[in-house]
Amino acid sequence: MTRASTIDFGRKTRSQVNWSGPLRPVNVIRNKFPTYKNGLNGIVIKLADDPEMPSLKEAVAKETADLLDRRQRPSVRELAMKFEKGLNTATLLSNEVKWRQVALLERDILLKNLKSVLESLRGQVAGKFKDEIEESVSMVDILAVQLSKRENELLQQKTEVTRIATSLKLASEDARTIVDEERANARTEIENARAAVQRVQQVLKDKENCSQRIGKQDVDELREKVQEARRVKMLHCPSKAMDIKNEIHVLRDQFAEMSSSSARLLKELELHQRFEENDAPSYELEGLESLGSMLRLVVQNNVSLSNASVQWFRVQPQGSKTEIISGATKLVYAPEPHDVGRYLQAEVNLGGEISVAKTAGPVDPATGLVDYVETLVRNPETEYNVVVLQVNGIGQPTDSIHVLCIGKLRMRLAKGTMVVAKEFYSSSMQLCGVRGGGDAAPQAMFWQPRKDLSFVLGFETARERNSAIMLARRFAIDCNIILAGPGDKTPW
């Protein structure tokens, strides 16, 4: 026999304490109607577990309150966005109302099916079960009445939502129109302001050009007046400044002549004193004491120097500290850039008697050589046309031209496309002027790329030879390497 339970609407039945049927109370307040499932003992009702949602009136009231609470006047764009949002919300609410109507139709069908099932059961049972089924039928009728009331309320809410959606749509269209008008007005004002700014800028520019033109004319006129005044003054009264300037130039020339004369007289006096005291041959250095020249050791009396040994030294200006120049053992010596700012001294040993000849002053630099080297430093590499005079101390024919390339990281010697030597700057590399004598010594350079290879290179001029030495040493210092000659002392 099938059993059915009563629905609790706030009153108790006589058989509620003793027995509870398979049916559970129906919650019509929920948004979804409970699902029905046919079981072994009858119809089982299972409540939906979805969370409760706010009613349609509450949602509409909340959106309306949000719109009315905006007492401050919002911008046109914000107002349009708000109305668009409200229109979308009303559309969603209208769709929800439609879904709820569908749910109500489904509930009516389910209630009719339930009532038909109960009517069929009432004819099959008797006794107290028949009373319970009749009570269940009455409860279903009550539930149908409540659902009809709920449907009427939903219809009213739908009407209200439709009205609100229509008003929001109209307000949105009005807001869109206002936005377009305000945007057009704003563009017009921006264009007017831009045109006004351009006019002001043009006026300021014209004023500035006019003031500059007037100021330039005033300056030109003032300059012409000053020049005319100076010319008149020079015609009538010579300037004292010009006289003082000419006098300074004359005094400088006289001082230079007196300095050279005094140095020459001191050298002659020293040689004369040595000759009187030691009764030995006196020596002196002949030639310009500057970079690019060649110094020659000469004797005052007729003494043969074929059996004499010569050694050249560098002498510091302060302290008279001497430094031997390795390999400089000839009667002639060509100063190199390392000798600039120092004295040069030649020591002659003739028959056990040692005589000394020294320059009158420090070796002077070549005119304009430093500026020329500073110009070459800006280039990544510089090429020189050279002639290979010696390779590892062996003479070479001088009819072929080679190219010496001095770069920021290495030096390269090539003949056409054939590379003769190419080495990076290193501590084993040596570079200096030629110290072996000869008429071409001011134009020759000694270069040892590595320990087993050395060259003597001849340049076209002494200026190119000295600039090549200075440039290579400058690039080597940038690589933390000091290039010097054989036996030269370095600070590292």
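Because the structure is predicted, anything quoted here is derived from the model rather than measured.

### Brief notes about the overall build of the chain
- Helix and strand counts for the chain stand at six helices and 17 strands.
- With 492 residues in all, the chain has 30% of them scored as buried.
- For the chain, restricting intrachain contacts to residue pairs at least 6 apart in sequence, the fraction spanning at least 24 positions comes to 56%.
- Accessible area of the chain: about 32,200 Å², with a carbon and sulfur share of 54%.

### Some details on the sheet that holds strand β5 (residues 309–315)
- Reading across from one edge, β6-β5-β8-β9 is the order of the four strands in this open sheet, with antiparallel pairing throughout. Both edges of this open sheet fall to β6 (322–324) and β9 (353–358), since each of them pairs with a single strand only. Looking at each pair of strands side by side, their axes are set apart by 30 degrees on average, direction ignored.
- Across three bridges, β5 lies against β6 in antiparallel orientation. The residue bridging valine 315 from the neighbouring strand is threonine 322, located in β6.

### Some words on the sheet that holds strand β7 (residues 332–333)
- With respect to topology, three strands assemble into an open sheet ordered β3-β4-β7, the strand pairing being antiparallel. The open sheet has two free edges, formed respectively by β3 (283–286) and β7, since each of these has just one partner strand.
- Alignment of β3 against strand β4 (residues 295–299), held across four bridges, turns out to be antiparallel. Bridge pairing links glutamate 284 to valine 298 in β4.

### Regarding the pairing of strand β16 (residues 444–450)
- Most of β16 sits inside the fold, with six of its seven residues counted as buried.
- Strand direction decides the pairing type here: strand β15 (residues 430–433) and β16, joined by four bridges, are antiparallel. Within β16, the residue paired with cysteine 432 across the bridge is phenylalanine 446.
- As consecutive antiparallel partners, β16 and strand β17 (residues 453–458) are separated by two residues.

### Side note on helix α6 (residues 462–478)
- For α6, which comprises 17 residues, the first-to-last C-alpha distance of 25 Å matches the rise-based estimate of 24 Å (1.5 Å per residue) to within 8%.
- Buried residues belonging to α6 abut α5 (369–377), β10 (381–391), β12 (402–407), β13 (410–415), β15 and β16.
- Positive phi appears at asparagine 480, one or two residues downstream of α6, with a value of about 65 degrees.

### Some words on the packing of aromatic side chains
- All told, the structure shown has three aromatic pairs when counted by the stated rule.
- Between tryptophan 312 and tyrosine 333 the ring centres are 5.5 Å apart and the planes differ by 25 degrees, which places this aromatic pair in the stacked class. Pair noted here: tryptophan 312 is in strand β5 and tyrosine 333 is in strand β7, with a separation of 21 residues, a long-range link. Summarising the burial analysis for this pair, tryptophan 312 and tyrosine 333 share the class buried.

### Things to note about the pairing of strand β14 (residues 418–424)
- Alignment of β13 against β14, held across six bridges, turns out to be antiparallel. Considered in β14, the bridge of arginine 412 is made with lysine 422.
- Between β13 and β14, which pair antiparallel and follow one another directly, the connecting turn spans two residues, one of which, glycine 416, has a positive phi of 70 degrees.

### A short note on the packing of α5 against α6
- Running from N to C, α5 and α6 cross one another at 55 degrees; their axes reach a closest spacing of 10 Å. Here α5 lies oblique to α6, going by the angle between them. Handedness of the crossing formed by α5 with α6: right-handed. For the pair α5 and α6, contact is made by Leu369, Val370, Tyr372, Val373, Glu374, Leu376 and Val377 and by Arg463, Asn466, Ser467, Met470, Leu471, Arg474 and Phe475, respectively.
- In terms of residue class, the contact of α5 with α6 is made up of nine nonpolar, two polar and three charged.

### Thoughts on the pattern of salt bridges
- Counted according to the given criterion, the structure contains 14 salt bridges.
- When the shortest N-O distance is used, the salt bridge between glutamate 191 and arginine 194 registers 3.8 Å. You can see glutamate 191 and its partner arginine 194 sitting in helix α3 (residues 128–236), three residues apart, about one turn around the helix.
- According to the relative accessible area criterion, arginine 194 is partly exposed, its value standing at 45%.
- Each of the salt bridges in this network shares a partner with another, and the network as a whole consists of Arg314, Glu323, Glu336, Asp339, Arg342, Arg435, Arg473 and Asp488.

### Regarding unusual backbone geometry
- A positive phi angle is found at asparagine 392, which is not glycine, with a value near 55 degrees.
- On the basis of relative accessible area, asparagine 392 is assigned to the partly exposed category, the value being 42%.
- In this model, asparagine 480 sits at a positive phi of 65 degrees, which is unusual for a non-glycine residue.
- Following the sequence through the fold, asparagine 480 ends up in the segment after α6.
- The class for asparagine 480 is exposed, based on a relative accessible area of 56%.

### A word on the nonpolar core
- The biggest cluster of nonpolar side chains holds 30 residues, and the ones touching the most others in it are Leu404, Ile406, Tyr425, Trp447 and Leu457.
- For isoleucine 406, the residues in contact, after removing those within four places along its chain, are Pro380, Glu381, Thr382, Tyr384, Met411, Tyr425, Ala468, Leu471, Ala472 and Phe475.
- Leu285, Leu295, Ala328 and Ala357 belong to the second-largest nonpolar core, a separate cluster that totals 16 residues.

### Quick notes on α5
- Those residues of α5 lying buried are Leu369, Val373, Leu376 and Val377. Along α5, the residues classed as buried sweep out an arc of 105 degrees about the axis, all on the same side.
- In this structure, the buried side of α5 is in contact with β10 and α6.

### As for the side chain of serine 467
- Summarising the element assignment, serine 467 is placed in helix α6.
- In terms of polar contacts, serine 467 uses its side chain to reach the side chain of tyrosine 384, at 3.3 Å.
- The contact partners of serine 467, leaving out residues within four places of it in the chain, are Leu369, Tyr372, Val373 and Tyr384.

### Quick notes on the environment of valine 315
- Residue position: valine 315 is located in strand β5.
- For the pair valine 315 and proline 362, spaced 47 residues apart in sequence, the C-alpha separation works out to 8.8 Å.
- Beyond its immediate chain neighbours, meaning those up to four positions away, valine 315 contacts Ser320, Lys321, Thr322, Arg342, Tyr343, Gln345 and Lys358.

Criteria and thresholds
Residues numbered from 1 in each chain as written. Predicted model: local features only at pLDDT ≥ 70, side-chain atom pairs only at ≥ 80, totals over all residues. Heavy atoms only, no water. Helix = DSSP H or I, 4+ residues; strand = E, 2+ residues; numbered from the N terminus. Buried < 20%, exposed > 50% of the residue type's maximum accessible area, 1.4 Å probe, protein only. Contact = heavy atoms within 4.5 Å. Areas by Shrake-Rupley, 256 points an atom, 1.4 Å probe, with all protein chains shown as cover. Pairing = 2+ DSSP bridges. Axes fitted to C-alpha atoms, helices over the stretch in contact; angles between N-to-C directions. Expected span 1.5 Å × (residues − 1). Phe/Tyr/Trp six-rings, centres within 6.5 Å; stacked < 30°, edge-to-face > 60°. Parallel < 35°, antiparallel > 145°, perpendicular 65-115°, else oblique. Left-handed = near helix turned anticlockwise from the far one by under 90°. Nonpolar A, V, L, I, M, F, W, Y, C, P; charged D, E, K, R; others polar. Salt bridge = Lys/Arg side-chain N within 4 Å of Asp/Glu carboxyl O. Core = buried A, V, L, I, M, F, W, Y, C linked by side-chain atoms within 4.5 Å. Arc of directions from axis to C-beta. Polar contact = N/O pair within 3.5 Å; in protein donor to acceptor, adjacent residues only side chain to side chain.

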